[in-house]
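Tertiary structure, described
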Amino acid sequence: MKKILITGGAGFIGSHVVRLFVNTYADYEVYNLDKLTYAGNLENLKDVENKPNYKFVLGDITDAEFINNLFEEHKFSAVVHLAAESHVDRSISNPLDFVFANVIGTVNLLNAAKKAWGCNKDKPVPTDRIFYHVSTDEVYGSLGETGFFLETTPYDPQSPYSASKASSDHFVRAYNNTYNLPVVISNCSNNYGANQFPEKLIPLFIHNIKTNKALPVYGDGKYTRDWLWVADHARAIDVILHKGELGETYNIGGFNEWQNIELIKLLCKIMDKKLGRAEGESEKLITYVKDRPGHDKRYAIDASKLNQKLGWKPSVTFEEGLEKTVDWYLENEEWLRNVTSGEYQKYYTAQYATR
Ligand code: NAD
Ligand code: TYD
């Protein structure tokens, strides 16, 4: 029986990873540790919350004593670390929140794992333990018109968010090098799909189109992102955790670049069809607004290593994934209503505060 700790499992990507693991590995005990910040929502996991191999733990990764006690009590053999502050715009307004959660939180987890697993340079790297750190392509910085991020591309983070993620990645590698902690890191491109908090581009714009609100396009809209369906990211994490080589880094992406404005037009077209609007109706909501400061021009991931060494590739095209995503948001109005009204937090915070 494997005891596995997933941090940030109530968030967007984390909830897909928790669901995949709980449903795939009946013999694992899956612990989901989450602080339930504004981005954490246990409604995301309603379908697995009563499974015998799933447990939720309310807690903060910045609390070192709590984290050490948790590791002592549970003897986890694997950690999949996703908990983080994740929104670039919030990092511009409140950079220190990102230092606490993303840097200090990660170092607390590394310290607890190192202690629990008895790692130090005098002993070989344990091969029956693994600390999997989930990171982002944004640590590599911003690309020009051509080229791709490789695992060997030097780090060049440009936003407080990516600077905090880059710092956490450096600590993970430093713990591998200095204390022989068994680690693996993956750097993924932009995710989209069900359960994403509607502050990020795709869910925000689906919500705004549905409610006939302006679509705020930053700058000239010619910024480029590389999009991956969240369930494919979860599958990649599963493959890397089980088959990846310790000490290695894997880029995750679907070779799927879109200029923001082109993506937004495609989304408007899909929404017109789903909502029975005349073609071109939703595009009228597009409103160009002031640019994000220090906005990264282009991200593009080369995921050949993951593809060639571990055989992973995306399961859907972008058009298929985007349509599934739109359908999910349209069919889950209550989820969106609870999130936009803040109801989801009141309910769960009250429920767990009494424990
Ligand atoms: P999210 O914001 O949706 O979820 C983050 C989760 O972490 C939430 O449930 C939140 O409650 C929890 N959390 C935050 N601070 C915490 C703390 N101090 N203690 C415990 N829990 C805490 O984020 P996401 O989009 O699901 O991203 C998950 C991870 O994947 C992050 O590490 C992010 O950097 C990385 N990533 C995200 C993307 C993307 O496109 N969203 C792409 C590549 C990598
Ligand atoms: P976002 O979803 O915030 O992800 P990231 O900044 O991590 O890439 O934004 C995706 C792209 O969309 C990015 O270029 C910023 C842009 N954007 C807008 O133009 N308007 C918006 O309201 C948002 C949230 C993002």
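See the structure printed just above.
Topologically, His233 is positioned in helix 7 (residues 230-243). Aside from chain neighbours lying at most four places away, what touches His233 is Ile13, Val134, Cys188, Asn191, Leu228 and Ile252.

The full set close to ligand 1 counts 28 residues, and Ile13, Asp34, Ser86, Tyr161 and Lys165 are the nearest of them. Ser86 places a polar side-chain atom, nitrogen or oxygen, 2.7 Å from an oxygen atom of ligand 1. Among the secondary structure elements, those contributing two or more residues to the shell around ligand 1 are helix 1 (12-24), strand 5 (130-136), helix 5 (160-179) and strand 7 (190-192). Counting residues per element, the shell around ligand 1 draws most heavily on strand 5, which supplies 3 residues. Partitioned by chemical class, the residues of the shell around ligand 1 number 12 nonpolar, 11 polar and 5 charged.

Moving on, we get to the site of ligand 2. The environment of ligand 2 is formed by 18 residues, the closest being Glu138, Pro216, Arg225, Arg292 and His295. Interatomic distance of 2.6 Å between a side-chain N/O atom of Glu138 and an oxygen atom of ligand 2. A distance of 2.9 Å is found between an oxygen atom of ligand 2 and a side-chain nitrogen or oxygen belonging to Asn190. Burial of ligand 2 by the surrounding chains reaches 97%, relative to a free accessible area of 510 Å². Looking at the shell around ligand 2, the elements that each hand over two or more residues are helix 6 (201-210) and strand 8 (215-218). Across the shell around ligand 2, the residue classes break down as 9 nonpolar, 4 polar and 5 charged.

Turning next to the sheet that holds strand 2 (residues 28-34). Across the sheet, 7 strands lie side by side as 3-2-1-4-5-6-10; this open sheet has parallel pairing. Lying at the two open borders of the sheet, with one neighbouring strand each, are strand 3 (54-58) and strand 10 (249-252). Along the sheet, successive strands turn relative to each other by an average axial angle of 20°, direction set aside. In the sheet, strand 2 pairs with strand 3 via 5 bridges, with the strands oriented parallel.

For the rest of this paragraph, the subject is helix 1. The end-to-end C-alpha distance of helix 1 is 19 Å, a good match for the 18 Å that 13 residues give at a rise of 1.5 Å each. Of all 13 residues that make up helix 1, 10 are buried, and the element is covered over most of its length. Listed as buried for helix 1 are Phe12, Ile13, Gly14, Ser15, His16, Val17, Val18, Arg19, Phe21 and Val22. Residues of helix 1 that are buried in the fold lie against strand 1 (2-7), strand 2, strand 3, strand 7 and helix 7.

One recurring pattern in soluble globular proteins is that nonpolar side chains are buried together. Membership of the largest hydrophobic core comes to 39 residues, with the highest contact counts inside it found for Ile4, Ile6, Val80, Tyr132 and Ile252. Counting residues per element, this core draws most heavily on helix 7, at 7 residues. By size, the runner-up hydrophobic cluster in this structure holds 33 residues, among which are Phe197, Ile206, Val316 and Tyr344.

This part takes up the sheet that holds strand 7. One open sheet holds the 3 strands; their spatial order is 7-9-11, and the pairing between them is mixed. If you trace the sheet from one side to the other, it starts and ends with strand 7 and strand 11 (257-259), each paired once. Strand after strand, the sheet turns through a mean of 50° between neighbouring axes, direction not considered. One ladder, built from 3 bridges, connects strand 9 (residues 224-229) with strand 11; its direction is antiparallel. Within the sheet, the bridge partner assigned to Arg225 lies in strand 11 and is Trp258.

The next subject is the packing of aromatic side chains. Where two aromatic rings form a pair, the distance of their centres and the angle of their planes describe that pair. Counted under the stated rule, the structure contains 16 aromatic pairs. When the ring of Phe71 is compared with that of Phe76, the centres are 5.4 Å apart and the planes differ by 80°; the resulting orientation is edge-to-face. Per residue, the accessibility class of Phe71 equals that of Phe76, and both read buried. Note on Tyr192 and Phe318: the rings are 5.1 Å apart at their centroids and 80° apart in plane angle, and the pair reads as edge-to-face. With Tyr192 in strand 7 and Phe318 in helix 10 (residues 318-331), this residue pair connects regions lying 126 residues apart in the sequence.

What counts and what doesn't
- Residues numbered from 1 in each chain as written.
- Chains lettered and ligands numbered in written order.
- Predicted model: local features only at pLDDT ≥ 70, side-chain atom pairs only at ≥ 80, totals over all residues.
- Heavy atoms only, no water.
- Helix = DSSP H or I, 4+ residues; strand = E, 2+ residues; numbered from the N terminus.
- Contact = heavy atoms within 4.5 Å.
- Near = heavy atom within 4 Å.
- Polar contact = N/O pair within 3.5 Å; in protein donor to acceptor, adjacent residues only side chain to side chain.
- Nonpolar A, V, L, I, M, F, W, Y, C, P; charged D, E, K, R; others polar.
- Areas by Shrake-Rupley, 256 points an atom, 1.4 Å probe, with all protein chains shown as cover.
- Pairing = 2+ DSSP bridges.
- Axes fitted to C-alpha atoms, helices over the stretch in contact; angles between N-to-C directions.
- Expected span 1.5 Å × (residues − 1).
- Buried < 20%, exposed > 50% of the residue type's maximum accessible area, 1.4 Å probe, protein only.
- Core = buried A, V, L, I, M, F, W, Y, C linked by side-chain atoms within 4.5 Å.
- Phe/Tyr/Trp six-rings, centres within 6.5 Å; stacked < 30°, edge-to-face > 60°.

The values reported here are purely geometric and, on their own, carry no functional implication.
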